[in-house]
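Working through the structure, step by step
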Amino acid sequence: LFDSVYPFYLQQRKAAMFNISTIIVIVVFLMLACSFLLIIPGIRGQARLYWTLRVLLSLFVGVVIVVVQFTGDWETGWVQANTSYKSFSHVYVSADIGLHISLAGVNVTLRGNPMNQINETINYNEHFPWNFGADYDRSYREGLEKGLPSPILYVAEKFSTQSPCAVHKQYRIAGHYTSAMLWVAFCTWIISNILFSMPILVYGGYMLMVTGAFMIFSLLSFSTVRSSLKCLIQIGTRTLHVAYGRSFWLVLAIGLLCFVVGITTVAMHHLSPDLLKTFFDLREDKPEEYQEMPEVYINPHFVNKGL
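Residues numbered from 1 in each chain as written. Predicted model: local features only at pLDDT ≥ 70, side-chain atom pairs only at ≥ 80, totals over all residues. Heavy atoms only, no water.

**Remarks on the packing of aromatic side chains**
Which entries qualify depends on this criterion: Note on aromatic pairs: the rings of Phe, Tyr and Trp (six-membered ring only in Trp) are paired at centre separations within 6.5 Å, and the planes decide the class, stacked below 30 degrees, edge-to-face beyond 60, tilted for the rest. In DSSP terms, a helix is any run of H or I states spanning at least four residues, a strand is any run of E spanning at least two, and both are numbered starting from the N terminus. Relative accessible area decides the class of each residue, using a 1.4 Å probe on protein chains only: under 20% of the type maximum gives buried, over 50% gives exposed, and in between gives partly exposed. Placement of a positive charge over a ring is assigned whenever Lys NZ or Arg CZ falls within 6 Å of the ring centre and within 35 degrees of the normal to the ring plane.
Applying the stated criterion to the full structure yields 17 aromatic pairs. Between Trp74 and Phe222 the ring centres are 5.2 Å apart and the planes differ by 50°, which places this aromatic pair in the tilted class. Of this pair, Trp74 sits in the loop between helix 2 (47-67) and strand 1 (75-84) while Phe222 sits in helix 6 (residues 201-223), placing them 148 residues apart in sequence. Phe222 shares its class with Trp74; the two are buried. The positively charged end of Arg54 is found above the aromatic ring belonging to Trp51, 4.3 Å away from the centroid. The cationic tip of Lys86 hangs over the ring face of Tyr85; the distance from NZ or CZ to the ring centre is 5.4 Å.

Spelled out as structure tokens, the structure:
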């Protein structure tokens, strides 16, 4: 025994700080934004402001659609409780237990309060995937073999296929269809940008509304897990409750924004098409700009030569 605890492994597990996929997506979109900012000085007049507003807003919508595929806060919950730390041990610790549900799995966080207790640094963040192609139960068994702290294993067990809660299938299917609809929204977002670069702006507005619709459909798909019965996650004398996280509300806000911008574009097409074309820098030059000069001066030297 190692301090009355079975030493499956002695090294301390470190909490995951960043999601690599999220960082890659953000860096790619930041490079696109920086590349556009480099060519901003070449755009003259008010068109510079219009281009900046359109491009940055469009890139923000695109990065949100892709990033939320990899974030882990679609549903989140925290609770502070006194709980046993390891199996086969009567040692209790005061800790914050967090549950973070994503489209592809669940993250369980255990953070000591204070962080240093019983001669250890209590700061864990374990991921258990349930996306297609991953084996949630295998990840859970590996956690058992490693000797993860009891609170993490207890919360993770609630989402296993063998759990009486029976929520594993609902979350897995809901996450799969939510991700699929978001990828469709990303495709329609690309099409809307292509249409906005052509003299058919109204169709770009329609496609942006379709983008918002698929984002709302993805939220409805994820919300179906709320219809299933919830198992209580009882940790000590406290209950861990989950609610919609930042990713859920961010997708809702961007979906509504796409609706507003799309409806505004369609309305401007029917009410003030010239103003709409000016904003998208597609305004046709006025005919008077091509009128002939009212006075013409002729060099008499060439007239005398019959030229």
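**So, the pattern of salt bridges**
Selection criterion: For this analysis, a salt bridge means a side-chain nitrogen from Lys or Arg found within 4 Å of a carboxyl oxygen belonging to Asp or Glu.
A full pass over the atoms with the stated rule returns two salt bridges. Across the salt bridge formed by Arg246 and Asp73, the nearest N and O atoms sit 3.2 Å from each other. Here Asp73 lies in the loop between helix 2 and strand 1 and Arg246 lies in helix 7 (residues 246-271), a separation of 173 residues in the sequence. For Asp73, a relative accessible area of 12% translates into the label buried. We note a salt bridge from Glu142 to Arg138, for which the minimum N-O separation is 3.5 Å. Of this pair, Glu142 and Arg138 both sit in helix 3 (residues 136-146), four residues apart, roughly one helical turn. What makes Glu142 partly exposed here is its relative accessible area of 34%.

**Observations concerning the UniProt feature "transmembrane region" (unreviewed entry) in the chain**
The condition is simple: UniProt positions are given in the numbering used here, feature names are shortened, and annotations may be inferred rather than shown by experiment.
When the UniProt feature table is mapped to this numbering, "transmembrane region" (unreviewed entry) covers residues 20-39, 51-71, 91-110, 180-200, 206-227 and 248-271. Overall, residues 20-39 shows 100% helix and 0% strand. The separation of its end C-alpha atoms is 29 Å. The span residues 51-71 carries 81% helix and 0% strand; its end-to-end C-alpha distance comes to 30 Å.

**With respect to the sheet that holds strand 2 (residues 92-101)**
Filter applied, for reference: Between any two strands, at least two bridges found by DSSP are needed for them to pair. We call two residues in contact when some of their heavy atoms are within 4.5 Å. Here the axes come from fitting lines to C-alpha atoms, over the contacting stretch only for helices, and the angles between their N-to-C directions go from 0 to 180 degrees.
If you walk across this open sheet you meet the five strands as 4-3-2-1-7, and the pairing is antiparallel. On the outer flanks of this sheet lie strand 4 (120-129) and strand 7 (243-244), each paired with one strand and no other. Here strand 1 pairs with strand 7 via two bridges, running antiparallel. Across the sheet, the residue bridging to Thr76 is Ala243, located in strand 7. Those strands touched by helix 4 (residues 150-157) are strand 1, strand 2, strand 3 (105-117) and strand 4, and its axis lies near 160° from that of strand 3.

**Some remarks on the nonpolar core**
Quick note on the threshold: Here, nonpolar core means buried Ala, Val, Leu, Ile, Met, Phe, Trp, Tyr and Cys residues that are tied together by side-chain atoms lying within 4.5 Å of each other.
Phe29, Ile65, Trp74, Met215 and Val251 are the most contacted members of the largest nonpolar core, which has 34 residues in total. Breaking this core down by element, the ones donating at least two residues are helix 1 (20-39), helix 2, helix 5 (168-196), helix 6 and helix 7. The element best represented in this core is helix 2, accounting for nine residues. Ignoring anything within four residues of it in the chain, the contact list for Val251 reads Val68, Trp74, Leu182, Met215, Ser218 and Leu219. Counting residues in hydrophobic clusters, the runner-up holds 31 residues, among them Ile101, Tyr140, Leu148 and Leu153.

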